[in-house]
Structure formats: C-alpha cells, structure tokens
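# Structural overview for review
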Amino acid sequence: MSGDLQWLLLRNNNSYIVKRVPEGPVFSKEPGNLTNIHSWKYSGLANEKTVAVKDTESGVQITYRKKGASPQAVRPAYATISIRPRSGPRRAAGVAAKLAKRGYRPDLRTATLARVSAVLASKREKKAPAPKKARGKKAKTA
C-alpha cells in the first residue's frame, strides 16, 4: 500500500492523534514522529522511510529503516545507532548529517537533531546552584 493511501486512511482516525484545543494544532504520539505534529511529512506510520529517536538507559537510540527492506520485515528491516549521554551535541549532529548525506530523508535532519539534543539535555545532570553571597548589613557584620 502506498504512503499516500495510508495517510488518507490514517489522517482523520487513528489512536495516536491528540487534539487538545478544538481549533488549535493537532499533535500525534505515533512512533517515528520526530516533532509530534500530525502531518504526512512527520508521520511514522504513513512514510516508508522514518527516523525514530528513543531515550534508553545507555543513551539515545536513533532507529531507521534499512535501504531495500521490505515493509513486511520486522526486526532485520531496522538499523539502530546509539549515542552515549556524555558524547555531546556534536556527535548527534554528525549522526543526523550522515543519514541526510546518504539521502535518507534529508528533510528530517533538523528535526532529528532537535529531538536528540532535547533528549541529551534532559539527561544532563543539573549543576548545583552557587551559594548566595551575603549583601548589605549581613555582609558588613560577617
């Protein structure tokens, strides 16, 4: 089944649609949707080539469908790339650029980088706040 036909069937009715405000944006929780916006471009169900970013204990996993894999194949059809939490944003940029340079959905390059950067930022440990300095009368008496 073509991606266009799948989108026509899925766009109005599927279990992943999230409508918060009646006239506001429509979001989607489907796997493989990088921006969570309900549109054909970012759909993980209707597109043949998708990029999924998952948060795991060991870091961030980027999953994409292998070239020439049939839609019926389940496990061997996907390839994963892992990014450790300490490796930084330049590693994530390199992985996103490598996929785009190979011609694998170059339109999703910025969305992939944004999602990976957000996941890595959420995993980063927060710095302890600096102790407050005494000011005014308290500073003079101390």
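Residues numbered from 1 in each chain as written. Predicted model: local features only at pLDDT ≥ 70, side-chain atom pairs only at ≥ 80, totals over all residues. Heavy atoms only, no water.

## Some words on helix α3 (residues 109-123)
With 15 residues, α3 extends 21 Å from end C-alpha to end C-alpha; this agrees with the ideal 21 Å at 1.5 Å per step. Listed in full, the buried residues belonging to α3 are Ala-111, Thr-112, Val-116, Val-119 and Leu-120. Buried residues in α3, looked at end-on, bunch into an arc of 160°, giving them a common side. The exposed set on the far side of α3, more than 90 degrees from its buried face, consists of Thr-110 and Ser-122. Here the buried face of α3 lies against β3 (51-56), β4 (59-65), β5 (78-83) and α2 (89-101). (Helix = DSSP H or I, 4+ residues; strand = E, 2+ residues; numbered from the N terminus. Expected span 1.5 Å × (residues − 1). Buried < 20%, exposed > 50% of the residue type's maximum accessible area, 1.4 Å probe, protein only. Arc of directions from axis to C-beta. Contact = heavy atoms within 4.5 Å.)

## What about the pairing of β4?
With 6 of its 7 residues buried, β4 lies for the most part within the structure. Hairpin connection from β3 to β4: 2 residues lie between these consecutive antiparallel strands. By the bridge criterion, 6 bridges tie β4 to β5 in an arrangement that is antiparallel. Each residue of the ladder has a partner; that of Ile-62, found in β5, is Ile-81. (Pairing = 2+ DSSP bridges.)

## As for the sheet that holds β4
Strand order in the open sheet formed by 3 strands is β3-β4-β5, with antiparallel pairing between adjacent strands. Sheet topology places β3 and β5 at the edges, where each strand pairs with a single neighbour. Here the average twist between neighbouring strands, direction ignored, is 25°. Taken together, the 6 bridges between β3 and β4 define a ladder with antiparallel strand orientation. Each residue of the ladder has a partner; that of Val-51, found in β4, is Tyr-64. Most of the contacts of α2 go to β5, to which it runs at about 160°, and overall it touches β4 and β5. Most of the contacts of α3 go to β3, to which it runs at about 5°, and overall it touches β3, β4 and β5. (Axes fitted to C-alpha atoms, helices over the stretch in contact; angles between N-to-C directions.)

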